[in-house]
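# Reading the structure
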Amino acid sequence: MDRSSWWRSPTPLVGGGQKDIVIAIKGDGAVLPGFPPNTTGAAGCDAACYVTGGYDQNIALGDVDGDHKADVFATQDNAYLSLHAGTGRAFDAAPIFTGRTKFSGIRWMVDYRLAQQGYADDEAVDEQAHFTNTAPALADLDGDGVAELIALGSIQNAAQTDREKGVGLFVMHPDGTRPAAWVAPPRFPGYLAGLWDFGANLVGITNQVAVAEIDPAHPGPELVFAGFDGKIHAVDAAAHTLWSSTYTTSAEVWTGGVAVADLSGDGIPEIVFTTYGPAGGSLVVLDAGGNKLHELVLGGRGAMPVPTIADVDRDGDLDIVVSLKDGEDHTRSVLVYEVPGSSGNCLLWPTGRGDVRRDGFVPPP
């Protein structure tokens, strides 16, 4: 598995009454046995495995069952999620989920009772998650040595007639059950913009979570992310909201997500992100409490990707690498900002999806 590449597709592969959007390729180009998992039968899926297309970098790779082997957590363009072992086997759903044998059959209703039931009581009112733009993460939140699954989903009514209901933060075990603190997912219902693409190749907000210890007073790591409400939110490992920081009041300013690293050298991390939109964007730095420290206006339409923080010139100071949406005079598409006095010993979530593998996985300590 260490030498395999994982791929997602927006168009499902169809066969044998099943659909697939995940495949694994070995370094020599051969397909890993067990993949594609559903259409080959390796997953063991039945009629209640609800797979459809997926978008963006929507895979997390890491051990979620404690067997020291990587598992594949994939989000998709509906209210369901997929979870496979490295053999292609689909993880089983807990018996509490009526008529569902596999994790990929669980409908992620906001109300836990309805999720177990598998359908809404009133589709016009009852709410569910939708994971079109969700980039998932895996991290041990409760300190038991095994990672939980984390997915920030947009919220809509079950009838999908009201889709601008903000975001919900879901944490789950590999059988689909929710830890006690996360039975009711934290909700951030405000909506300003970002669910829909703006046009002119400006895409909507990616629902991705950065996992990092930003407040030692709270056990476990914190989860930091952007909502659709123009705010960056921080939630602790017990599902308590620590703070919400407004970065815009404009429906035309968005962000792709945050990076987390200590820029000041004081042992306390900062939160770094860029914004983008038709009128431009900025590089923004918040402190660990969500207070704005710096904002630097970028050229063009700003920067859609999460910035990367690293010592790129090997001088001992950290640098912030920003990939612009529009290059300056068609020559400069990447800007590098040096941060004097910083050091590389506190890079908690230094790039999009957490690391250069883009796997969204925080190994247990």
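Here the structure is a predicted model, which is why all the values come from computation and not from measurement.

## Notes on the pairing of strand S16 (residues 254–261)
With 8 of 8 residues buried, S16 lies mostly within the body of the structure. In the sheet, S16 pairs with strand S17 (residues 270–276) via 6 bridges, with the strands oriented antiparallel. Across the sheet, Trp254 pairs through a bridge with Tyr276, a residue of S17. Pairing between S16 and strand S23 (residues 347–349): 2 bridges, direction antiparallel. Paired with Val260 across the strands is Trp349, a residue of S23.

## Notes on the environment of Gly105
Along the chain, Gly105 falls in the loop between strand S5 (81–84) and helix H2 (112–117). Among the residues examined, Gly105 registers a relative accessible area of 0% and is labelled buried. Measuring from C-alpha to C-alpha, the distance between Gly105 and Gly256 comes to 29 Å, with 151 residues separating the pair along the chain. With residues up to four places along the chain from it excluded, the contact list for Gly105 reads Ala48, Cys49, Tyr50, Tyr80 and Arg100.

## Concerning the sheet that holds strand S4 (residues 71–75)
Read across the open sheet, the 3 strands follow the order S3-S4-S5; overall the sheet is antiparallel. The strands lining the two open edges of the sheet, one partner per strand, are strand S3 (59–62) and S5. With direction set aside, neighbouring strand axes in the sheet form an average angle of 15 degrees. Looking at chain direction, S4 and S5 are connected through 4 bridges and run antiparallel. Paired with Val72 across the bridge in S5 is His84.

Rules and cut-offs
Residues numbered from 1 in each chain as written. Predicted model: local features only at pLDDT ≥ 70, side-chain atom pairs only at ≥ 80, totals over all residues. Heavy atoms only, no water. Buried < 20%, exposed > 50% of the residue type's maximum accessible area, 1.4 Å probe, protein only. Helix = DSSP H or I, 4+ residues; strand = E, 2+ residues; numbered from the N terminus. Pairing = 2+ DSSP bridges. Contact = heavy atoms within 4.5 Å. Axes fitted to C-alpha atoms, helices over the stretch in contact; angles between N-to-C directions.

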